[in-house]
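# Analysis of the macromolecular model
In case you want the letters, here they are:
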Amino acid sequence: MSSIDLVILGIVLERPQSAYDIQKDVAYHNFSRWTKISTPSVYKKVLQLKEKGYLTSSVVKGERFAEKAVYSITEAGRAYFETLMDTLAERHVPLTFDFNVVIANLNKLDGPHAQALVGRLRKSIAASAEKNEGYARQYADIPLVGRTIFDQQRLLYQALLDWLDSFSAQFAEEGSTPAWRRAP
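Residues numbered from 1 in each chain as written. Predicted model: local features only at pLDDT ≥ 70, side-chain atom pairs only at ≥ 80, totals over all residues. Heavy atoms only, no water.

### What to know about the overall build of the protein chain
On a plain count of helices and strands, the protein chain comes out with 7 helices and 3 strands. Along the protein chain, from the amino end to the carboxyl end, the secondary structure elements read α-β-α-α-β-β-α-α-α-α. Over its C-alpha trace the protein chain gives a radius of gyration of 23 Å, far above what one expects of a compact globule, namely 16 Å for 184 residues. Its C-alpha atoms give the protein chain principal-axis dimensions of about 75 × 35 × 30 Å. Here the protein chain holds 184 residues, and the buried ones make up 34% of them. Taking all contacts inside the protein chain whose residues are at least 6 apart in sequence as the whole, residues at least 24 apart take part in 64%. For the protein chain, the computed accessible surface area is about 12,000 Å², with 55% contributed by carbon and sulfur atoms. Put simply, the protein chain has 23 plus and 21 minus side-chain charges, and the middle of one group is 6 Å from the middle of the other. (Helix = DSSP H or I, 4+ residues; strand = E, 2+ residues; numbered from the N terminus. Rg over C-alpha atoms; globule rule 2.2 N^0.38 Å. Buried < 20%, exposed > 50% of the residue type's maximum accessible area, 1.4 Å probe, protein only. Contact = heavy atoms within 4.5 Å. Areas by Shrake-Rupley, 256 points an atom, 1.4 Å probe, with all protein chains shown as cover. Lys, Arg positive; Asp, Glu negative; His and termini not counted. Charge placed at Lys NZ, Arg CZ, Asp CG, Glu CD.)

Written out as structure tokens, the structure reads:
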């Protein structure tokens, strides 16, 4: 079960299109921000979905008389799409952030260095939040189901910033002598 499969099938469900057009749609909807999907993975997945009978293709004349394969979803593809929707909606939602390994190791550094890293994390999260706001403005004309993801991201970034401020204050209060320097 793959979220990439769901993205591709959802795009082709809207209208038949070439693998190149699917990739452009992935970029337009900004799916790469929310799931691990890349241009090469789109092309590879389209072929895999066709091999499995979820997509079918027909060759049509493209622009400048070049032929291209246009993919359509099959009935099996529609059923697989619905199965993916049901499965992924019920799945546990992991919230893993790479910066948590930095947080978990802050007590191994001296206080000023640790607080400087917390400041850098805050700056990084704030920059990501600002970038998200830019995307939200840039894609303000997309349907509600897309716009709401930008809103979700905004709320998550704000919650992370609030949490980081609280953590930073607690970390400063409790003292941040590195664990390896403390007396046993």
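From this point, the narrative continues.
### Structural notes on the sheet that holds strand 2 (residues 55–61)
Read across the open sheet, the 3 strands follow the order 1-3-2; overall the sheet is antiparallel. The sheet is open, and its two edges are formed by strand 1 (17–18) and strand 2, each paired on a single side. Sheet topology note: the strand 2/strand 3 (residues 67–73) ladder contains 7 bridges and is antiparallel. In the strand pairing of strand 3, Thr56 is matched with Ser72. Where helix 3 (residues 39–51) meets the sheet, its contacts fall on strand 2 and strand 3, and the angle it forms with strand 2 comes to roughly 115°. (Pairing = 2+ DSSP bridges. Axes fitted to C-alpha atoms, helices over the stretch in contact; angles between N-to-C directions.)

### Points about the packing of helix 1 (residues 3–14) against helix 3
Between helix 1 and helix 3, the least distance of the axes is 10 Å, while the angle of their chain directions is 80°. By the angle between their axes, helix 1 is roughly perpendicular relative to helix 3. Each of Ile4, Asp5, Ile8 and Leu9 in helix 1 lies in contact with helix 3, whose residues at this interface are Ser41, Val42, Lys45, Val46 and Leu49. Across the contact of helix 1 with helix 3, the residue classes break down as 6 nonpolar, 1 polar and 2 charged. (Parallel < 35°, antiparallel > 145°, perpendicular 65-115°, else oblique. Nonpolar A, V, L, I, M, F, W, Y, C, P; charged D, E, K, R; others polar.)

### Digging into helix 4 (residues 75–90)
When the terminal C-alpha atoms of helix 4 are compared, their 23 Å separation across 16 residues agrees well with the 22 Å that a helix rising 1.5 Å per residue should span. All of the buried residues along helix 4 are Gly77, Tyr80, Phe81 and Leu84. Looking straight down helix 4, one finds that the buried residues subtend no more than 105° of arc, so they occupy a single side. Opposite the buried face of helix 4, at more than 90 degrees from it, the exposed residues are Glu75, Glu82, Ala89 and Glu90. Buried residues belonging to helix 4 abut helix 1, helix 3 and strand 3. (Expected span 1.5 Å × (residues − 1). Arc of directions from axis to C-beta.)

### A short note on the packing of aromatic side chains
Counted by the stated rule, this structure contains 7 aromatic pairs. Ring centres 4.3 Å apart and planes at 10° place the aromatic pair Tyr54 and Tyr80 in the stacked group. With Tyr54 in the loop between helix 3 and strand 2 and Tyr80 in helix 4, this residue pair connects regions lying 26 residues apart in the sequence. As far as burial versus exposure is concerned, Tyr54 and Tyr80 are alike and both buried. On the basis of an interplanar angle of 15° and a centroid distance of 5.8 Å, the ring pair of Trp163 and Phe167 is categorised as stacked. Pair noted here: Trp163 and Phe167 are both in helix 7 (residues 144–173), with a separation of 4 residues, about one helical turn. Judged by its relative accessible area of 35%, Trp163 falls in the partly exposed class. (Phe/Tyr/Trp six-rings, centres within 6.5 Å; stacked < 30°, edge-to-face > 60°.)

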